[in-house]
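Chain by chain, the residues run as shown.
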Amino acid sequence: MSDAREQILGGVRRSLKRGALEGEHAAALEDRLRRHAPNLVPGRAFGIAPRQLVDLFETQASEVLATVARVRSLDAVPDAVAEYLAGRNLPPEMTMAPDPLLDRAPWGKRPLLKIRRGAADGKEPAGVSAAFAAIAETGTLMLTSGKDSPATLNFLPDTHIVVLPASRMVGPMEAAWARLRHAFAPPDEDIGGSSMPRTINFITGPSRTGDIEQKIEMGAHGPRRLHIIVVEDETLR
Amino acid sequence: MQSSSHAFKDNAHRALNDPVLQQALGIMKTGFLDKRLQAIGNLPEFEALRDAARDIKNHTLANLDWYLERYESKVKEAGGQVHWARTPAEARAIVLGLCKRLGARNVTKGKTMIAEEIGLNDYLAENGIVAVETDLGEYIIQIRNEAPSHIIAPAIHLTKEAVADSFRATHTEMDPARSLVEPRALVDEARQVLRDKFFAADVGVTGANFLIAETGSSVIVTNEGNGDLTQLLPRAHIVLASLEKVVPTLEDAATILRVLARSATGQDMSAYTTFSTGPRRPGDLDGPSEYHVVLLDNGRSALLGTEFHEILRCIRCGACMNHCPVYAAVGGHAYGWVYPGPMGAVLTPSLIGIENARDLPNASTFCGRCESVCPMRIPLPKLMRHYREQDYERKLAPRAMRWGIGLWAFVAKRPPLYHFLAAVAAQVLGLLGRKHGSFYNLPLASAWTATRELPAPQGRTFQELWYKRSRATKSGADR
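This is a predicted model, so every value here is computed, not measured. (Residues numbered from 1 in each chain as written. Chains lettered and ligands numbered in written order. Predicted model: local features only at pLDDT ≥ 70, side-chain atom pairs only at ≥ 80, totals over all residues.)

1. A few points about the overall build of chain B
Part 1: Across its full length, chain B holds 22 helices and twelve strands.
Part 2: C-alpha extents for chain B along the principal axes are approximately 95 × 60 × 45 Å.
Part 3: For chain B, restricting intrachain contacts to residue pairs at least 6 apart in sequence, the fraction spanning at least 24 positions comes to 74%. (Helix = DSSP H or I, 4+ residues; strand = E, 2+ residues; numbered from the N terminus. Contact = placed C-beta atoms within 7 Å.)

What follows is the structure, encoded as structure tokens:
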């Protein structure tokens with residue numbers, strides 16, 4: 001369908017009354033992409049201290065009916081997970097992302113937790129992931145897919161538990177993009193194409209629908225519950 | 001999709017007399033509007049963000065060819081493919097070709113208006129492929145064999161009782177004695193039925209809210225998570241998108257996202273905003289093995305640079321229809337094609353021709369609410385007015401109407417004549433209507449008097465009264 005391609009691009013140029021862009025004009029567009037400057041960023045989550053960012057995140061995430069717990073270190077994560085499940089009468093079974101951060105938590109302390117590692121298969125009652133970042137402005141988690149972090153865990157289990165080190169908290173989405181560029185772009189290049197993770201999920205509360213008479217019901221297709229465990233690591237001390 | 005936009009008046013009459021529809025539309029008036037107000041009230045920068053969002057799209061449209069080429073090269077770099085389609089027929093053929101090559105029998109679909117535009121479901125069905133809608137609203141209307149009546153709430157024209165009836169008729173394998181009184185039960189039943197479909201699908205088709213030129217990513221914004229299961233579980237992910245969805249950078253998408261969900265549902269962010277780039281990477285534990293983007297033109301490139309250019313900024317939030325008194329009275333189906341409400345009254349004639357949709361731009365009171373809430377600042381009444389002009393100039397409107405408009409224009413352009421005729425009319429009507437105070441039947445005005453009375457004038461026009469009053473005040477002041 002290269003005909004179609006040429007015809008469409010030609011049609012666009014005809015409508016805009018010019019030929020293909022080159023020279024200075026094209027260089028200016030290249031430069032705009034290279035700078036990828038943020039536009040207006042709301043003041044809500046801008047220039048505030050790390051602890052306030054966590055507070056703002058908690059407020060915003062609670063607003064969209066996620067639950068948030070805080071623990072002092074990774075050592076406390078297995079207890080927090082087990083207590084959350086027990087507190088809601090949920091079975092102590094889960095599939096967990098093979099993420100090195102989660103490996104560092106002492107899961108052996110809770111031998112009754114049945115843990116499988118890998119992608120979700122839809123049979124597990126709960127999934128456990130680690131967030132790449134979180135956006136305080138809107139109470140949003142950012143998860144990137146990869147060999148350590150299967151995206152199916154974010155959608156198939158009824159309960160999704162996300163471990164979030166406080167050091168990964170940012171204010172606005174623009175700061176999350178900056179972290180992504182830093183973590184994934186090849187040296188001396190910017191991010192794009194193959195260096196982007198296949199899937200980036202921004203998650204703001206559990207799954208919901210308002211499609212029947214505009215009444216909001218949770219757990220439409222994705223998780224019915226979203227629980228976020230914030231690990232108050234060194235950044236807050 | 002077949003259009004019945006030419007039959008707007010009949011459609012609207014039917015809609016006004018449909019009690020279930022009227023009940024459902026009554027619910028809409030409260031939900032979206034209050035939530036939107038609350039969300040933008042919490043964001044002092046909202047108005048400035050609308051300007052920023054508008055500027056991003058204007059910049060992109062002015063350089064659309066360049067950004068599309070960059071986008072395509074980045075998709076390829078990530079291992080995906082871009083397929084260009086001039087027409088709905090080409091787009092359908094591309095999707096079918098991909099499905100056939102993959103030996104696909106079952107397709108799941110996230111919400112995509114482009115699939116409605118190209119009539120994808122019926123076409124796949126004709127070719128032996130089952131396409132299942134997975135957005136709850138879309139699923140409901142699919143099993144009822146209806147078209148969406150709203151771009152973000154496709155089943156907004158239905159009550160929960162109507163949905164329960166459809167579920168009973170379709171999910172015959174389930175216990176007939178089950179209770180489906182509450183929306184909760186309906187949501188759970190759909191979740192259970194569709195879970196199996198997600199796992200059985202060979203191909204997942206989604207739309208795109210944005211395409212990112214910088215990275216080659218496609219973006220979907222949902223609340224249910226169905227779009228994600230649609231694209232993650234099958235072997236191939238096909239994205240259907242129209243040309244104007246492209247924006248330059250991730251930062252630009254962040255800006256427009258801030259106005260999108262707030263304008264649509266009154267959320268700061270929808271539950272799931274997902275950026276997808278190419279197929280699964282080596283070592284990935286899940287995700288599709290193939291990633292395809294079908295880029296549809298369908299007349300959009302020809303809109304660039306015309307008086308209708310600005311409709312290409314539309315991000316499909318639905319705010320214009322949520323706030324439209326005409327939409328609230330007749331619902332989305334009356335508009336007869338994919339896109340209802342004010343944005344549909346501009347986009348439909350743009351895509352299928354004003355000669356096939358001449359009533360749509362006329363079905364507006366020009367109250368201006370659509371423009372005042374549009375996050376992309378699209379001057380919708382102005383664009384509708386341009387179509388009304390075409391309607392007149394291309395002689396599409398009925399002769400009597402054109403004659404009437406011509407006569408009106410002649411008089412309105414001559415103020416002394418206008419004032420004279422208005423004074424005569426006011427006096428004559430005032431005399432005739434003295435007895436009852438209003439008219440129940442008037443020649444040439446039967447469309448008005450058929451449903452309501454026309455109050456009789458008091459005998460003097462406003463102009464006359466004003467003139468008299470200002471003279472009286474002046475002489476009073478002199479004294």
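Next, the rest of the story.
2. Focus: the confidence of the model for chain B
Part 1: Of all residues in chain B, 99% have pLDDT values of 70 or greater, and the mean over the chain is 94.
Part 2: Confidence metrics for the complex model read pTM 0.94 and ipTM 0.97. (pLDDT = per-residue confidence, 0-100.)

3. Comments concerning the nonpolar core
Part 1: Membership of the largest hydrophobic core comes to 194 residues, with the highest contact counts inside it found for Ala131(A), Ala134(A), Met142(A), Leu164(A) and Val294(B).
Part 2: Of the residues forming this core, the biggest block, nine residues, is contributed by helix H12 (residues 250–264) of chain B.
Part 3: Every residue in contact with Ala131(A), bar those within four places of it in the chain, is listed here: Leu141(A), Met142(A), Leu143(A), Val162(A), Leu164(A) and Arg168(A). (Core = buried A, V, L, I, M, F, W, Y, C linked by C-beta atoms within 7 Å. Buried ≥ 20, exposed ≤ 12 C-beta atoms within 10 Å, placed from the backbone.)

4. A few points about helix H8 (residues 136–143) of chain B
Residues spaced three or four apart along an α-helix point in a common direction, a consequence of the helix completing one turn every 3.6 residues.
Part 1: Burial of H8(B) is extensive: seven of the eight residues sit out of reach of the surface.
Part 2: Burial in H8(B) covers these residues: Leu136(B), Gly137(B), Glu138(B), Tyr139(B), Ile140(B), Ile141(B) and Gln142(B).
Part 3: If you follow the buried residues of H8(B), they end up packed against strand E10 (208–209) of chain A together with strand E3 (130–133), helix H9 (160–170) and helix H10 (183–200) of chain B.
Part 4: Residue Asn145(B) follows H8(B) closely and has a positive phi angle near 60°.

5. Things to note about the sheet that holds strand E4 (residues 203–206) of chain B
Residues and elements named next belong to chain B.
Part 1: Ordered in space as E1-E10-E7-E4-E2-E3, the six strands form an open sheet in which the pairing is parallel. Both outer strands of the open sheet, strand E1 (81–85) and E3, are each paired with one neighbouring strand and no more. When strand polarity is set aside, the average angle formed by the axes of neighbouring strands in this sheet is 25°.
Part 2: Judged from the seven bridges that link them, strand E7 (residues 236–242) and strand E10 (residues 290–296) form a sheet pairing that is parallel. Its bridge partner lying in E10, serine 242 is registered against leucine 296.
Part 3: With respect to the sheet, helix H5 (residues 88–101) is in contact with E1, strand E2 (106–109), E4, E7 and E10, its orientation differing from that of E10 by roughly 170°. (Pairing = 2+ DSSP bridges. Axes fitted to C-alpha atoms, helices over the stretch in contact; angles between N-to-C directions.)

6. Quick look at the interface of chain A and chain B
Buried accessible area, meaning the area lost when the parts come together, often serves as the stated size of an interface.
Part 1: Listed by partner, the interface residues are 66 residues for chain A and 81 residues for chain B.
Part 2: Only helix H1 (2–15), helix H2 (23–35), helix H6 (173–184), strand E9 (199–203) and E10 of chain A provide two or more residues apiece to the side of chain A that touches chain B.
Part 3: Looking at side-chain class alone, the side of chain A that touches chain B contains 29 nonpolar, 25 polar and twelve charged residues.
Part 4: Alignment of E9(A) against strand E9 (residues 272–276) of chain B, held across five bridges, turns out to be antiparallel. (Nonpolar A, V, L, I, M, F, W, Y, C, P; charged D, E, K, R; others polar.)

7. With respect to the environment of Arg385(B)
Part 1: Along the chain, Arg385(B) falls in helix H18 (residues 380–393).
Part 2: As for Arg385(B) and Ser364(B), which are separated by 21 residues in sequence, their C-alpha atoms are 9.8 Å apart.

8. What to know about unusual backbone geometry
Residue and element names in this part refer to chain A.
Part 1: Although it is not a glycine, histidine 36 adopts a positive phi angle of roughly 30°.
Part 2: Among the structural elements, histidine 36 can be located in the loop between H2 and helix H3 (50–63).
Part 3: Although it is not a glycine, glutamine 214 adopts a positive phi angle of roughly 60°.
Part 4: In this structure, glutamine 214 sits in the loop between E10 and strand E11 (217–218).

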